[in-house]
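Geometric and topological summary
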Amino acid sequence: MQIEAYLKFHARNYPSKPALVFKDSVITYEELDEQVDKHVEQLHAEHVTRGQVVCFRNTQDPTFLYTYFALHRMGAVALPLEKDLADEKMQQIGARYGGFTPPSDIADILFTTGTTGVSKGVMISHRALTHFVSVTARLWHLDEHSRISCHASFAFDASVEDLYPVLTVGGTLYLPDETTRHDLHVLRQYIEKHHITGGCYSPQFALLLTHDHPLAVDYLCVGGDTMTARPQTHGQGMVMGE
């Protein structure tokens, strides 16, 4: 079952349950599902077709998720790009994939960071995405009470672990704004205020975030760099390095 089917299930069975929190806005599962359907209609009006690769910029807000889920729901392929990507580069990528027909089960094309060479677009199938999301939800024991905060850029592959598993189990996804994401003190206050139960961070950021006091979370997932020490968590909080 694709991720979007879980959204429809929760919208039908738990319509008033909070799905997304962004700034002062709380978006229920019913509202999320309705927004996804509206974006499907908009994409159809723009003549987007099944199997088409669609490039779009990361907005780091709920609009990104509306577009992402809508592309999946209509059978198109999502190719998210960083919001500050140069227009020329955006046009080059659009031209490269504009006439490309991917295999039928492809959900996303995600670009690597290019830390070991040229950044490359990697095709992710719906089957692989759904399996990864399901395994992650089980690994972190996510459920309808989980409150996950996504710190990574939504166009970065590390965000997948935060964005989607919690929505398949009926939990709540918190989307900190740019100021919160880049200020350690403000982010820690945000985590504590909203009783965030988990999330993914780079090792050094996690260490700085927990330097003065341990965080009361169920888990911290750290990866992407060498872990020189263990970030501190309260109680049964787990720390896993990728």
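Summarised in this report is the structure supplied together with it. In this text the structure is predicted, and so the values were computed from the model without any measurement. (Residues numbered from 1 in each chain as written. Predicted model: local features only at pLDDT ≥ 70, side-chain atom pairs only at ≥ 80, totals over all residues. Heavy atoms only, no water.)

1. Comments concerning the overall build of the protein chain
Threshold: The numbering of helices and of strands both runs from the N terminus, where a helix is a DSSP run of H or I of at least 4 residues and a strand a run of E of at least 2. Throughout this description, buried means an accessible area under 20% of the type-specific maximum (1.4 Å probe, protein chains only), exposed means over 50%, and partly exposed covers the range between. By definition in these notes, contact holds between two residues if any of their heavy atoms fall within 4.5 Å.
When you go through the protein chain residue by residue, the secondary structure sums to 10 helices and 11 strands. Judged by the C-alpha coordinates and their principal axes, the protein chain covers about 50 × 45 × 30 Å. For the protein chain, the proportion of its 242 residues judged to be buried stands at 49%. At a minimum sequence separation of 6, the contacts of the protein chain that also span at least 24 residues come to 56%.

2. Details of helix α2 (residues 29–45)
What sets the pattern is the α-helix's 3.6 residues per turn: residues three or four places apart point alike. Selection rule: To estimate how far a helix should extend, the number of its residues minus one is multiplied by 1.5 Å.
End to end, α2 covers 24 Å across 17 residues, agreeing with the expected 24 Å (1.5 Å per residue, within 8%). Buried residues in α2 make contact with α1 (3–13), β1 (18–22), β2 (25–28), α3 (62–73) and α7 (165–168). Two residues or fewer past α2, His47 is found with a positive phi of approximately 65 degrees.

3. Comments concerning the side chain of Asn58
Test applied: Any pair of nitrogen or oxygen atoms within 3.5 Å is treated as a polar contact; in protein, a donor-acceptor pairing is required on top of that, and neighbouring residues in sequence qualify only through side-chain atoms on both sides.
Within the secondary structure layout, Asn58 lies in the loop between β3 (53–57) and α3. There is a polar contact of 2.6 Å between the side chain of Asn58 and the side chain of Gln60. Beyond its immediate chain neighbours, meaning those up to four positions away, Asn58 contacts Phe64, Leu81, Glu82, Lys83, Ser153, Phe154 and Ala155.

4. Here we look at the packing of α2 against α3
How we decide: Convention adopted: a line fitted to C-alpha atoms gives each axis, helices being fitted over their contacting stretch, and angles between N-to-C directions are expressed from 0 to 180 degrees. Throughout, a crossing is termed right-handed when the near helix is turned clockwise from the far one, and left-handed when it is turned anticlockwise from it by less than a right angle. Asp, Glu, Lys and Arg are counted as charged, while Ala, Val, Leu, Ile, Met, Phe, Trp, Tyr, Cys and Pro are counted as nonpolar; the rest, among them Gly, fall into the polar class.
Contact pair α2 / α3: the axes reach a minimum separation of 8 Å and the direction vectors enclose 65 degrees. As for the relative orientation of α2 and α3, their crossing is right-handed in sense. Along its contact with α2, which presents Leu32, Asp33, Gln35, Val36, Asp37, His39, Val40 and Leu43, the element α3 presents Thr63, Tyr66, Thr67, Phe69, Ala70, Leu71 and Arg73. A class-by-class count of the residues in the contact of α2 with α3 yields eight nonpolar, four polar and three charged.

5. Details of α3
Here α3 contains 12 residues, and its C-alpha end-to-end distance of 16 Å stays within 8% of the 16 Å for a straight helix at 1.5 Å per residue. Among the 12 residues of α3, 10 are classified as buried, and the element is accordingly described as predominantly covered. Buried residues of α3: Pro62, Phe64, Leu65, Tyr66, Thr67, Tyr68, Phe69, Ala70, Leu71 and His72, and no others. The backbone nitrogen of Thr63 has a side-chain oxygen 3.0 Å away, supplied by the residue at the start of α3, namely Asp61. Directly after α3, the chain includes Gly75, whose backbone phi takes a positive value near 90 degrees.

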